[in-house]
Each structure stands twice: as C-alpha cells, then as structure tokens.
Amino acid sequence: MPIKETAKIWHNGKLINWSDATLHVMSHVVNYGSCVFEGIRAYQLPSGPAIFRAQEHMQRLIDSAHVYRMELPYTRQELVDAMLDLVAVNETSPCYIRPLVLRGYGDLGVNPMNSPIEIYMANYEWGNFLASGAQEGPVGIDACVSTWTRIAPNTLPAMAKAGANYMNSQLIKMEATVNGFAEGIALDKNGYVSEGPGANLFLVRKGKLITAPIGNSVLPGITRDSVITMAQDLGVEVIEQVIPREMLYIAEELFFCGTGAEITPVKSVDRISVGGGNVGPVTRTIYDEYFGIVKGTKADRFNWLTPVPVAEVVGA
Ligand SMILES: Cc1ncc(COP(=O)(O)O)c(C=O)c1O
C-alpha cells in the first residue's frame, strides 16, 4: 500500500513540509540500520480523533532509544504533545503515526556515537496490514511457521523496536508471501513459538488464552498488553508460557495482534486448519471489545484513548 502523503512531518521540535523530510544517503542509519521507531494508531471516534495508548508507545520509544544509548532531549509528554499536534495539523484521521529516532549524517564508523540523533514523526492514512477486513468483522488468514528463526537473545534486543530487527522480520514475511501465506510465525532460537514479523500471537487452548513470554524474543506489544487486560477483565484466564510449535496446530483458536494487525484471526498454520477454520468465541470477544473501544461504541474503561485537540489547532 503506497504511503499517502500528508502536509507536515515533525522534525526535532518543528513541523516541516513532507517533501523536506529528507536524509543524506551517507547517514549512519542508511548504512547500518541505526534507528528505533514506533507504530501508533489514531482512531476516529464519534467524539473526534483519538490516539490509542499514546503514553505507552512513547515510553517504548524512549526505552528502545535508551537500549541503544540514544538519549532523547524530549520528555514522554512532550513527544505525546508533538504527536497530537501533528495529527491535528495534518487533519488525517484515522491514521497511522510513525515516530522515528535515527543516527543521522556525521561519521560513518560502526561506532554510532559521533552521528547526530534526529527525531522525526510522520502520520498518514493506513488500513489493516494483514487484511483481516476489520470493518466487516474478523476473517481468518493462513499462516506458516517460518524457516527463519527470530532474533536470538543477546544478539539484537527484541524488547527494543529497532529498525534492524525488521531485517529478520522481512525474511519471515517474504518467505511466507512467496509461498502463498498471509503471514509467517517465527520460532525462537530454542524452537519455541515467538511471534509474527510485525505482530504478537495468542492461542486459545482449553478455553485459556496463551501467549509467549517476553523472554521468547517477542516485542512487548502494546496491543498484546491490551489483549491481556481486556481478557482478564472479561474473566478469561491468560497464561504467558513457553509454547511448543505443535500447540499452534491443536489450538482451538489463534490470532495475531498489533498496531498494524489489530486483532487478526488465523485459520490455518502450515495448511493445517486451526479451530475448524472458524473464528472462535474468545477471538471474537476480544475483537469486538478492541474495536468497540477504539471506535467509541464501548466505553474507554481503561483510559487508552487520548483525544486529538483538532478544533484548537485547526482554528489557530
Ligand atoms: C515484531 C513485532 N511484534 C509485535 C508487534 C505488536 O506491537 P504493538 O501491539 O505495540 O504494535 C509489532 C508491531 O509493532 C512488531 O513489529
């Protein structure tokens, strides 16, 4: 899906024109992938646009940067405020928001610390990347177990959302795509279920919701956390446990979750049908709860939505 341009991009505290947000080819990030980023959604509610879990996403950006010794000259609240301004100024809602912290143009040595840190934030219209047809209700996708192993502990840190991690994700995604699957599932270095290339994974077994713990090379997904919170609130038992591969095939239900994937059921793994190929009751309940909250048809009872002050900025 090609990017739909908006008017402005936030750069180091200022709004600049979309077309001016350019980088030199010899920037550190272009050569070595030295960046961390976030992916965030703003939803359109009857009350106006609102950002889903703004503080948690910006905290993860700060954490990712910290792992890579990139100290940001902005507080979490300042970054959230910048994001709210950007979404308001671009008048694009619903949208996807991409904050990006990178090592820019300076020195090209492997030591990144002599290259300047640049912070950008862009937003644009975007749908569901696993094409579950979120508007019409949940539709399952076909997935496969990847031959590529997820990034191993103490190699690239999985808790940091770094651009370089997505080279591994790209291998998983490309392999799945060329083999006719909508998505791949990566195992960790010990052969246990980890996650998708851009989403966390949950399964239902004996009515309980199970997901891999953070130690199995998964990104600590904000949607993952939201699913756990919603499930517990609805009385569904949630277990974070090491998942053997075969549990994928005998699961009653399986779904991906993430900012991009939202809640996307999986109807088969390696052409073995999961749960008879149907969307099961737990997935359906979580799906309805998630979309109810982000579309404003259910109360925002966990305080996950930050309204975008559109009127103030547009009228300014
Ligand atoms: C590798 C990976 N895992 C999990 C997720 C889900 O995280 P979140 O729910 O915070 O978007 C993402 C998406 O950003 C991802 O790229």
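Not measured: the values here are computed from a predicted model.

Chemist: Quick question: what am I supposed to make of the overall build of the protein chain here?
Modeler: Regarding its fold elements, the protein chain presents 8 helices and 17 strands. In summary, the protein chain has a C-alpha radius of gyration of 20 Å against a globular reference of 20 Å for 316 residues, a match within 12%. In terms of overall dimensions, the protein chain has C-alpha extents of about 50 × 50 × 30 Å along its principal axes. Looking at the protein chain residue by residue over its 316 residues, the buried ones come to 42%. Look at the contacts in the protein chain between residues 6 or more apart in sequence, and 70% of them connect residues 24 or more apart.

Chemist: In this structure, what is going on with the pairing of strand 9 (residues 183-187)? I would like to understand it.
Modeler: Two faces, one strand: in a regular strand the side chains alternate between the faces of the sheet. Burial runs high along strand 9: 5 of the 5 residues are buried. Both faces of strand 9 are covered, namely the face carrying E183, I185 and L187 and the face carrying G184 and A186. Bridge count between strand 8 (residues 141-149) and strand 9: 4 bridges; the pairing is parallel. Its bridge partner being in strand 9, A143 is matched across the sheet by E183. Two strands pair when backbone bridges link them, and strand 9 and strand 10 (residues 193-195) are joined in this way by 2 bridges, in the antiparallel orientation. Residue pairing in the sheet places L187 in a bridge with V193 of strand 10. Turn length for the strand 9-strand 10 hairpin, with the two strands adjacent in sequence and antiparallel, is 5 residues, and the turn residue G191 shows positive phi of about 90°.

Chemist: What should I look at first to understand the packing of helix 2 (residues 54-67) against helix 3 (residues 76-90) in this one?
Modeler: What describes two packed helices is the angle between their axes and the distance between those same axes. For the pair helix 2 and helix 3, the least separation of the axes is 9 Å and the interaxial angle reads 120°. Taken together, helix 2 and helix 3 sit at an angle that is classed as oblique. Handedness of the helix 2/helix 3 crossing: right-handed. Contact residues: A54, Q55, M58, Q59, L61 and I62 in helix 2; R76, L79, V80 and M83 in helix 3. Of the residues assigned to the contact of helix 2 with helix 3, the class counts are 7 nonpolar, 2 polar and 1 charged.

Chemist: Help me understand the domain arrangement of the protein chain in this model?
Modeler: It is common to give the size of an interface as the accessible area lost on bringing the parts into contact. Assigned domains within the protein chain: domain 1 (8-124) and domain 2 (141-294). Taking only C-alpha atoms, the centre of domain 1 and the centre of domain 2 are 26 Å apart. Contact with domain 1, which involves 17 residues of that partner, is made by 12 residues of domain 2. Looking at the side of domain 1 that touches domain 2, the elements with two or more residues in it are strand 3 (35-37), strand 4 (40-45) and helix 2.

Chemist: I tried to follow the pairing of strand 8 on my own but got confused; where do I start?
Modeler: Examined bridge by bridge, strand 8 and strand 15 (residues 262-269) share 3 bridges and lie parallel to one another. Note that in strand 15 the partner of D142 across the bridge is S268. Following the backbone out of strand 8, through helix 4 (residues 165-178) and into the adjacent parallel strand 9, one traces a crossover that is right-handed.

Chemist: Help me understand the nonpolar core in this model?
Modeler: In a soluble, globular protein the nonpolar side chains are often hidden away together inside. Ranked by size, the top nonpolar core spans 75 residues in total, and within it I51, M83, V87 and V101 carry the most contacts. Two domains share this core, each providing at least three of its residues, namely domain 1 (8-124) and domain 2 (141-294). Other than its neighbours up to four places away in sequence, V101 contacts C35, V36, F37, L61, A65, M70, L72, I117 and I119.

Chemist: Explanation requested: unusual backbone geometry in the structure shown.
Modeler: If a residue is not glycine, its phi is most likely negative; likewise, a peptide bond is most likely trans. Between S93 and P94 the backbone carries a cis peptide bond, its omega angle lying at 0°. Secondary-structure assignment places P94 in the loop between helix 3 and strand 6 (95-103). For E91, which is not glycine, the phi torsion reads 50° and is therefore positive. Secondary-structure assignment places E91 in the loop between helix 3 and strand 6. Positive phi, normally seen in glycine, also occurs at R271, with a value near 70°.

Cut-offs used in this document
Residues numbered from 1 in each chain as written. Predicted model: local features only at pLDDT ≥ 70, side-chain atom pairs only at ≥ 80, totals over all residues. Helix = DSSP H or I, 4+ residues; strand = E, 2+ residues; numbered from the N terminus. Rg over C-alpha atoms; globule rule 2.2 N^0.38 Å. Buried ≥ 20, exposed ≤ 12 C-beta atoms within 10 Å, placed from the backbone. Contact = placed C-beta atoms within 7 Å. Pairing = 2+ DSSP bridges. Axes fitted to C-alpha atoms, helices over the stretch in contact; angles between N-to-C directions. Parallel < 35°, antiparallel > 145°, perpendicular 65-115°, else oblique. Left-handed = near helix turned anticlockwise from the far one by under 90°. Nonpolar A, V, L, I, M, F, W, Y, C, P; charged D, E, K, R; others polar. Domains from an automatic or database assignment. Right-handed = clockwise from strand over helix to strand, strands pointing away. Core = buried A, V, L, I, M, F, W, Y, C linked by C-beta atoms within 7 Å.

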